[in-house]
Amino acid sequence: MSLLEVEGLEAGYGPVTVVRDLSFSVDEGKVVTILGANGAGKTTTLRALSGVARARGRIDFAGEQLTGRSPEWIVRRGIAHVPEGRGNFATLTVEENLRLGAYVRKDDKVREDIARCFGYFPRLEERRTQAAGSLSGGEQQMLAIARGLMLRPRLMLLDEPSHGLSPLITREVFKILREIVDEGTTLLIVEQNANLVLEFADHAYVLETGRLVLDGSAEEIGADEGVRRSYLGMV
Ligand code: ATP
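1. Some words on the overall build of the protein
Assigned secondary structure in the protein consists of 10 helices and 10 strands. For the protein, the C-alpha radius of gyration of 17 Å lies close to 18 Å, the compact-globule estimate for 235 residues. Dimensions along the principal axes, computed over C-alpha positions, put the protein at roughly 45 × 40 × 35 Å. A burial count over the protein gives 50% of its 235 residues as buried. Sequence separation of 24 or more characterises 66% of the internal contacts of the protein that already satisfy a separation of 6 or more.

Take a look at the structure:
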């Protein structure tokens, strides 16, 4: 059984339905990506998983149903959402942001985990007392990922991690994501940059106007010229 199994998901906001009849799964220890053009419903899918968008259907995570649960309940089950726009607290320092990332935890390992995050992202350690709002775009993305890690998640949802970053910083961020996967965290990534993420992921799902149109190994999807042209906006 997969770590995450979604079946017949319908998701949206109030009366607006964005995602329809979507089924997909994510195996533990893997990297799965959801691709598609602007407005295809990728962000809404992640929001439905973390309880912040309206959702109907089955969302099974490690044997428990998430549909209808609160975002806080879902976070406590081990799903961290690193949103588009990063969601850092701009006036708080790097270290304060990391502590906030651990707000649902009651154990005494928070200090240890802050050190672990600084191990992944030495730039953040250098800037630990700086306000998050004063960081560069790349550092803010690193902070958002590190904040998510402070939950010790089993599954991390990443929305456009490369957005607004230079190719060099993007490579740095993905290199660290690889380490995070190697240490046991499962990733579900939404990306506009299909080339980049298809090299990184194990499996890919492609959405078009809220419906699943394709799925396959990242290698297969990436190698298919027709798919690249029709669905991924690549020539
Ligand atoms: P993008 O890459 O542009 O974020 P996406 O595939 O992530 O695209 P979504 O953000 O899920 O797409 O948006 C899908 C549709 O849902 C769009 O038509 C958008 O206008 C609509 N939508 C997004 N957020 C809301 C909201 N809060 N209320 C109503 N409709 C929304």
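That covers the picture; the talk isn't over yet.
2. Description of the sheet that holds strand β10 (residues 211-217)
The strand order β6-β7-β8-β3-β9-β10 describes an open sheet built from 6 strands, whose pairing is mixed. Strand pairing shows two members of the sheet lacking a second neighbour, β6 (79-82) and β10, which therefore form its edges. Taken pair by pair, the neighbouring strands of this sheet meet at an average axis angle of 15°, ignoring direction. Direction of pairing for β6 relative to strand β7 (residues 155-159): parallel, over a ladder of 4 bridges.

3. Observations concerning the site of the ligand
Around the ligand, the surrounding shell holds 14 residues, and the nearest of these are G39, K42, T43, T44 and Q192. The protein chains hide 61% of the 630 Å² of surface that the ligand would expose on its own. Here the shell around the ligand gets 4 residues from one element, more than from any other, and that element is helix α1 (residues 42-49). Counted by class, the shell around the ligand contains 4 nonpolar, 6 polar and 4 charged residues.

4. Description of the pattern of salt bridges
Considering all chains together, one arrives at 16 salt bridges under this definition. Taking the shortest distance from any N to any O, the salt bridge between R123 and E139 comes out at 3.4 Å. One end of the pair, R123, is in helix α5 (residues 122-126); the other, E139, is in helix α6 (residues 137-149), and 16 residues separate them in sequence. Residue classification places E139 among the buried positions, given a relative accessible area of 7%.

Calculation rules
Residues numbered from 1 in each chain as written. Predicted model: local features only at pLDDT ≥ 70, side-chain atom pairs only at ≥ 80, totals over all residues. Heavy atoms only, no water. Helix = DSSP H or I, 4+ residues; strand = E, 2+ residues; numbered from the N terminus. Rg over C-alpha atoms; globule rule 2.2 N^0.38 Å. Buried < 20%, exposed > 50% of the residue type's maximum accessible area, 1.4 Å probe, protein only. Contact = heavy atoms within 4.5 Å. Pairing = 2+ DSSP bridges. Axes fitted to C-alpha atoms, helices over the stretch in contact; angles between N-to-C directions. Near = heavy atom within 4 Å. Areas by Shrake-Rupley, 256 points an atom, 1.4 Å probe, with all protein chains shown as cover. Nonpolar A, V, L, I, M, F, W, Y, C, P; charged D, E, K, R; others polar. Salt bridge = Lys/Arg side-chain N within 4 Å of Asp/Glu carboxyl O.

Scope: geometric values only; no functional claims are made or implied.
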